[in-house]
Amino acid sequence: MPLNCQSDQHRVSRRRWLGTAAAGTAAALPLFDPALHAAALQRSAKQVLFIWLDGGISQLESWDPKPNTEFGGPFRAIPTSVPGIHVSELLPQTAQQMQHLAIVRSLCTEDNAHSSGVDRIQRGDPKNRGVVYPYFGSAVTKLLGPNDSGLPPYVWIKPLSGGFMHKDAGFLGPQYGSLAFGDGKPPQNLLQHPDVSDQQQQERMEIRAFADQRYARGRPPASTDANGFVFSMGLELMQRRQLFDESTFSPGDVQRYGTHDLGRHMLLARRMLEAGVQVVKVNSYGWDTHGDNFNGSYSLVRRFDQPFAALISDLAVAGLLDQVLVIAMSEFGRTPRVNGHLGRDHWPEAWSLCMAGAGVRRGIAVGSTSDNGTWVASEPYDIGHMFHTWFSALGINSRETAWDNQGQPLPLAHEDCRPVSELLL
Amino acid sequence: MSGFWRNSACSGSSLLCLLRQCLPLLAVGCWCCDCVSVTADELAQRIDSLLQQSFTSAQAEPGPVSDDGEFCRRVTLDLIGRIPAASELAAFLGHPDPQRRVLLVDQLLSSPEHSRRMADLFHVMLMERRGDHPEWLGFLRTSFAGQKPWDQLVREILDPQETPEQIRGAAWFITRRLEKVGQQDTDYPGLTRDIGRLFLGCDLQCAQCHDHLTISDYRQIEFQGLYTVYRNTSIRKDVKFPAVAEQPLTKKTDFMSVFEKQSLTVGPRVPFGVEQEIPQYESGQEFAVAPDRATNFPGVPKFRGLQLIAQSLPVSANRRFAENLANRLWFVMFGTGLVNPLDQLHDDNSATHPEVLAAVADAVTAAGFRIQPILRELALSQAYQRSSAGAASERVLYQYGREKRLSAEQLLASVLMACGDGDLMAAGDSLSEAEQKRAESFVKAFGNIPGEPELEFSPSLKAALFVLNDPLLQEQLQPGGGNLSERLAAIADNGAVAEQLYRSVLSRVPDAEEVEFVSDYLGQRADARRQAIGNLIWGLLASTEFCLNH
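Residues numbered from 1 in each chain as written. Chains lettered and ligands numbered in written order. Predicted model: local features only at pLDDT ≥ 70, side-chain atom pairs only at ≥ 80, totals over all residues.

Remarks on the overall build of chain A
In terms of regular secondary structure, chain A is built from eleven helices and 15 strands. In chain A, which comprises 425 residues, the proportion classed as buried is 52%. Put simply, 74% of the contacts in chain A that link residues at least 6 apart link residues at least 24 apart. (Helix = DSSP H or I, 4+ residues; strand = E, 2+ residues; numbered from the N terminus. Buried ≥ 20, exposed ≤ 12 C-beta atoms within 10 Å, placed from the backbone. Contact = placed C-beta atoms within 7 Å.)

Observations concerning the nonpolar core
Core analysis: the biggest nonpolar cluster contains 244 residues, and Val360 and Ile537 of chain B have the highest contact counts within it. Of all the elements, helix α10 (residues 293-317) of chain A adds the most residues to this core, at nine residues. Beyond its immediate stretch of four places on either side in the chain, Ile537 of chain B contacts Cys419, Leu477, Leu484, Ser485, Leu501 and Val505 of chain B. (Core = buried A, V, L, I, M, F, W, Y, C linked by C-beta atoms within 7 Å.)

Digging into unusual backbone geometry
For residues that are not glycine, phi is negative in most cases, and the peptide bond is trans in most cases. Cis geometry is adopted by the peptide bond preceding Pro164 of chain B, which originates at Thr163 of chain B and carries an omega value of -5 degrees. Within the element layout of this structure, Pro164 of chain B appears in the loop between α9 (150-158) and α10 (172-178). In the segment running from Asn340 of chain B into Pro341 of chain B, the intervening peptide bond is cis, with an omega of -10 degrees. Within the secondary structure, Pro341 of chain B is located in the loop between α14 (319-334) and α15 (354-366). The phi dihedral of Asn68 of chain A falls on the positive side, at around 60 degrees, and the residue is not glycine.

Topic: the environment of Arg362 of chain A
Residue and element names in this part refer to chain A. By the secondary structure assignment, Arg362 is in the loop between β12 (351-357) and β13 (364-366). C-beta crowding within 10 Å serves as the criterion here: with 16 such atoms nearby, Arg362 is assigned to the partly exposed category. Distance from Arg362 to Pro336, taken between C-alpha atoms, is 28 Å for residues 26 residues apart in sequence. Setting aside residues up to four positions removed in sequence, Arg362 forms contacts with Gln99, His100, Leu101 and Ala102.

Notes on the domain arrangement of chain B
Residues and elements named next belong to chain B. Looking at chain B, the domain boundaries give domain 1 (35-133 + 316-401), domain 2 (148-312) and domain 3 (408-549). The distance between the C-alpha centroids of domain 1 and domain 2 comes to 32 Å. Counting from both sides, the interface comprises 22 residues of domain 1 and, opposite them, 20 residues of domain 2. For the side of domain 1 that touches domain 2, the secondary structure elements donating two or more residues are α7 (112-127) and α14. (Domains from an automatic or database assignment.)

Quick word on the pairing of strand β1 (residues 47-53) of chain A
All names here are of chain A. The element β1 is extensively covered by neighbouring structure, given that seven of its seven residues are classed as buried. Here β1 shows no split at all, with Gln47, Leu49, Ile51 and Leu53 on one side and Val48, Phe50 and Trp52 on the other all buried. Looking at chain direction, β1 and strand β9 (residues 324-329) are connected through six bridges and run parallel. The residue of β9 that forms the bridge with Gln47 is Val324. (Pairing = 2+ DSSP bridges.)

Examining helix α11 (residues 188-200) of chain B
Spacing of three or four residues puts side chains on the same side of an α-helix, whose turn is 3.6 residues. Residues and elements named next belong to chain B. With 13 residues, α11 extends 18 Å between its outermost C-alpha atoms, agreeing within 8% with the 18 Å of an ideal straight helix rising 1.5 Å per residue. Within α11, ten of the 13 residues are buried, which leaves the element mostly enclosed by the surrounding structure. Three or more residues of α11 are buried, namely Leu191, Thr192, Arg193, Asp194, Ile195, Gly196, Arg197, Leu198, Phe199 and Leu200. Buried residues belonging to α11 abut α7, α9, α10, α12 (220-230) and α14. Immediately downstream of α11, the backbone of Gly201 shows phi near 70 degrees, a positive value. (Expected span 1.5 Å × (residues − 1).)

Regarding the environment of Gln239 of chain A
Among the secondary structure elements, Gln239 of chain A is positioned in helix α7 (residues 222-239). With 41 residues separating them along the chain, Gln239 of chain A and Asp198 of chain A place their C-alpha atoms 9.6 Å apart.

Some points on the interface of chain A and chain B
Across the contact, 44 residues belong to chain A and 49 residues belong to chain B. Listing elements by their share of the side of chain A that touches chain B, those giving two or more residues are α1 (14-25), α6 (198-216) and α7 of chain A. With ten residues, α6 of chain A is the single largest residue contributor to the side of chain A that touches chain B. The residue inventory of the side of chain A that touches chain B, partitioned by class, reads 22 nonpolar, 15 polar and seven charged. (Nonpolar A, V, L, I, M, F, W, Y, C, P; charged D, E, K, R; others polar.)

Some remarks on the sheet that holds β13 of chain A
Residue and element names in this part refer to chain A. Read across the sheet, nine strands follow the order β6-β7-β5-β8-β1-β9-β12-β4-β13 without closing on themselves; strand pairing throughout is mixed. Either end of the sheet is taken by a strand with one partner, and the two such strands are β6 (163-165) and β13. For this sheet, the mean inter-axis angle between neighbouring strands, taken without regard to orientation, is 20 degrees. Bridge count between β9 and β12: four bridges; the pairing is antiparallel. When the sheet's bridge partners are listed, Val326 is paired in β12 with Ala356. (Axes fitted to C-alpha atoms, helices over the stretch in contact; angles between N-to-C directions.)

Some details on the pairing of strand β15 (residues 408-411) of chain A
Residues and elements named next belong to chain A. Sheet topology places strand β14 (residues 402-405) next to β15; four bridges connect them, and they run antiparallel. Bridging from a neighbouring strand, Asp404 pairs with Pro409 of β15. Taking the residues between adjacent antiparallel strands as the criterion, β14 and β15 are bridged by two residues, where Gln406 takes a positive phi near 50 degrees.

A word on the packing of helix α3 (residues 43-57) of chain B against α15 of chain B
Residue and element names in this part refer to chain B. α15 packs onto α3 with a crossing angle of 175 degrees between their chain directions and a minimal axis gap of 9 Å. Between α3 and α15, the angle is such that the two are roughly antiparallel. Mapping the contact onto sequence places Leu43, Arg46, Ile47 and Leu50 in α3 and Glu355, Val356, Ala359, Val360 and Ala363 in α15. When its residues are assigned to classes, the contact of α3 with α15 shows seven nonpolar, no polar and two charged. (Parallel < 35°, antiparallel > 145°, perpendicular 65-115°, else oblique.)

Quick look at helix α22 (residues 494-505) of chain B
All names here are of chain B. The end-to-end C-alpha distance of α22 is 16 Å, a good match for the 16 Å that twelve residues give at a rise of 1.5 Å each. Looking only at α22, the buried set comprises Val497, Ala498, Leu501, Tyr502, Arg503, Ser504 and Val505. Elements that come into contact with the buried residues of α22 comprise α5 (86-93), α17 (408-419), α21 (484-489), α23 (512-524), α24 (529-541) and α25 (544-547). At the C-terminal side of α22, Ser507 shows a positive phi close to 55 degrees.

With respect to the confidence of the model for chain B
Summing up the model confidence of chain B, the mean pLDDT is 90 and the portion of residues at 70 or higher is 91%. In this model residues 1-38 of chain B is a low-confidence stretch, pLDDT under 50, and it forms 56 contacts with partners more than four residues away in sequence or in other chains. (pLDDT = per-residue confidence, 0-100.)

Next comes the structure, spelled out in structure tokens:
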């Protein structure tokens, strides 16, 4: 037989693969049918950019400034592109993008320890039922189902080490974990072996496809589909490795985003989103300013401001802001009271986050805190409210859909919470 | 201890049988094997007649019997953990004896590679990729080499002893789970849960906090009675080998359901068994061997909960213990449990074929918990020997053979067998450092994450990238040392290359279409024949057919 297999012929049904994988983890009838759901959402092609500022960004030095008050600190508030909304002067460029953004100033959550808080917040702090909930990113990839990018659905760009991170997936099972690019670098074995040419690689894949085609005759297609799927994803990732090659970024972009870690990683995140990765998480560390909060925030917040504003602006210009949900947040805020080391400590009682993009109203600031910033003055929102809101923004009805954890029905987000309608389009 | 279970004992009333029950550590075979093996011998037939009933009532026919090649690959992978060498396959296919399948099964079961395979299999099943430890692996290998019965093996795990030296590694089952991870508390609930899951087929997770809401058998007391004993343990610090310390158990555990705020207590108790009294000693009199602060020796209490559990959980009177082994051995051979999930044995989750489960569990008990005779019977059943080709038209369970995931260990051994010089590896040889690294890389690429049981075939991007690009696989394709690549390169006739290639890698003869494919490809790549041969080997190694037992 001549080598005429077109790779398209062997492109597997990703939806089917996902269905199989789901059946693998859940023995009972699934309440949530990813295949049906994916079909419904196919046209929307929603994506998520989740920016995690690990350690806790100070709301007073960012989204909820209280200048000239007891705990306000030295920084001023500046007007933004939306009349009436002010942010800290440490966010000068982001202020100019306010027409795209939605700030939430009335978060009130439970946990004030990092070790548990990071997990708790990113899992949406559901009721404790003895199961480990998925992080938001894993939940989204499961709920939206695969898109047509051929790229891994959930990518995590972070400093330090990378690899396949299963922890995020919780009870969804390791296949919903993230593929982490440590310091933006691709995972192990992504580079083609030096002895193997492109031509050879292509031939090998054709031989593999021939063998699988032959084996699949008369057999249920689940195994060959699943196996074919991971090979084509691997190859896709290898062929698009220029995605991770920083030398191919335009000098103008590098300048606009900044040459520091967060700037480089945000620029990489933009590329991943443009390439179609469904969920991109970007981590920045070192926000735990127990000492010298003001000098710390001066450098940290401005280093966030530059690439964040650039990215929002770029997404808006490219028309991607209608499909990408952007969230920037930490595990909690910081105490209004300044401690003896000129620092601020952990404060889950009243803090802020910023969001933008798909399904989210633009140019608004929702909720408020007391005059000195200590308590939430409007209706307090727990992280469960945010999860419901984000799911809604992505077109997922989080009140009527349930997870199926091996027959155990579980709410997508905390059942005592609801979507915040004033944040939604 | 006899108060734990109604003493139905094993089916024989022989003295040795009773002795084995009373003196659990007495390492002797059951002499009633003779009378008992009659039962075991009948198991294959019994399974087939029961399954035939399910076919008949569904008006379905069983699928065709596997051909000899399909059977040889399947049973070799299952019983000795690798594909057959091309020479072994040829010998089997050419064997004139009509009983050659029985002979093959017996030959595989008596091979030293079988005990290694069993050690690997149970290592993965019991430790669920939490790493490994030389003493633990040594314990498993010695145990399976000596055909230790499952009840004895479990007893040694549940109440590990520091002597004799060959079995002290059993403690690692507990000590590995007691290791602290970060700032989290020692995971006593996890250890308790794993004992229920792995030895009784009962996941009592929900029962930690309340009676299970939907499973009536899983009450909170089932979890708490076992937890009472195991949360009293710690890792011994005074010795270098894995060893468990036990504090004196002086009082019952208080617990309360998260739903009904009512205080309850329980003493040591095997799940679904009878609670045991805790004998009271005067302060200072609790120890049979006193602790020694100077050496950090934790002492040995007079009343030991571990001993109590070890003497009363893994016994034939505990039906769930036998059913769990029956279900897990069935899973090993058939790729699915009679009860699924494997750790959800309870009255509301009946087996797909309850009589089959009962028959296998009876045989397990009758065989004195020896694993080999059960595997033998399962392998000799018609159900096991059905072809998996055509499974797309399966209407009734077990009409066709089923696909089974290969472990990282099976994959590595099979890659080496397929690509190597065709010589049989000597089992039990210790690994060089490079071989050890290679084995670890395979586990990293193909194993599940720690704590996650390896059940169904679940290809991953990580594994695909490993197969695509890792030097460890590429080096197998380089011709040299009489390996497959070199041998194939020396053959001029393309049809003969195809024949050798398929026999070595996929353990079967290629059909006409495949011979044509290989010949055409080699014809087109005459300029780079060696490279093309490497590509062919790679293509088959990466195929789903190679990656599965089917």
